Amino acid sequence: MPYPTARPPAPNGPGNCPRCLADVIWCTTAKNRVPQMINADRDAAGNTAVRVDHLGRYHSRQLTQERPTPEAGENLHKPHIATSPTCFTPRQPRPPAPRDRRVIRPTRWQR
Ligand SMILES: [Zn+2]
């Protein structure tokens, strides 16, 4: 194989939370197309509409003011992070690299 394989595809469909092993559905968000864990159980009070497209992929959509209700083929769920905050760790910014002061800036010897 001439090229190394890229990172594996994001999970999509029924699965488990890697932290608490709860039953979740890996969906792709409609807005940013990023993987998102949705609780497997339907929740009438949820704010996320989940649908399965014709290829069997799961998509999630936040309810918005323009589209406040679930539409054809959609079911209401809650995002897993909303109900299990311990499964969410915000991204930690990388600490700034220490400046290396051993380097001597070269000077212009001739002008
Ligand atoms: Zn979890």
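**Q** Give a detailed account of the overall build of the chain, specifying residues and quantitative values.
**A** When you go through the chain residue by residue, the secondary structure sums to one helix and six strands. In the chain, the order of α-helices and β-strands from amino to carboxyl end is β-β-β-β-β-β-α. C-alpha atoms of the chain, sized along the principal axes, occupy 75 × 40 × 35 Å. Taking all 111 residues of the chain together, the buried fraction comes to 15%. For the chain, contacts bridging at least 24 residues in sequence account for 54% of all contacts bridging at least 6.

**Q** Any details on the pairing of strand S3 (residues 35–39)? Residues and values, ideally.
**A** Burial analysis of S3 places four of its five residues in the buried class, the great majority of the element. Sheet topology places strand S2 (residues 23–29) next to S3; five bridges connect them, and they run antiparallel. Counterpart to Thr28 in the pairing with S3 is Pro35. Where S2 folds back on S3, the antiparallel hairpin that results is connected by five residues, among which Arg33 adopts a positive phi of roughly 60°.

**Q** Let's hear about the nonpolar core: which residues, and what values?
**A** The biggest cluster of nonpolar side chains holds nine residues, and these are Val24, Ile25, Trp26, Cys27, Met37, Ile38, Ala49, Val50 and Tyr58. For this core, the secondary-structure elements that each account for two or more residues are S2, S3 and strand S4 (48–52). Here this core gets four residues from one element, more than from any other, and that element is S2. Those residues in contact with Tyr58, other than ones at most four positions away along the chain, are Asn12, Gly13, Ile25, Trp26, Cys27, Thr28, Val50 and Val52.

Reading the values: the criteria
- Residues numbered from 1 in each chain as written.
- Predicted model: local features only at pLDDT ≥ 70, side-chain atom pairs only at ≥ 80, totals over all residues.
- Helix = DSSP H or I, 4+ residues; strand = E, 2+ residues; numbered from the N terminus.
- Buried ≥ 20, exposed ≤ 12 C-beta atoms within 10 Å, placed from the backbone.
- Contact = placed C-beta atoms within 7 Å.
- Pairing = 2+ DSSP bridges.
- Core = buried A, V, L, I, M, F, W, Y, C linked by C-beta atoms within 7 Å.

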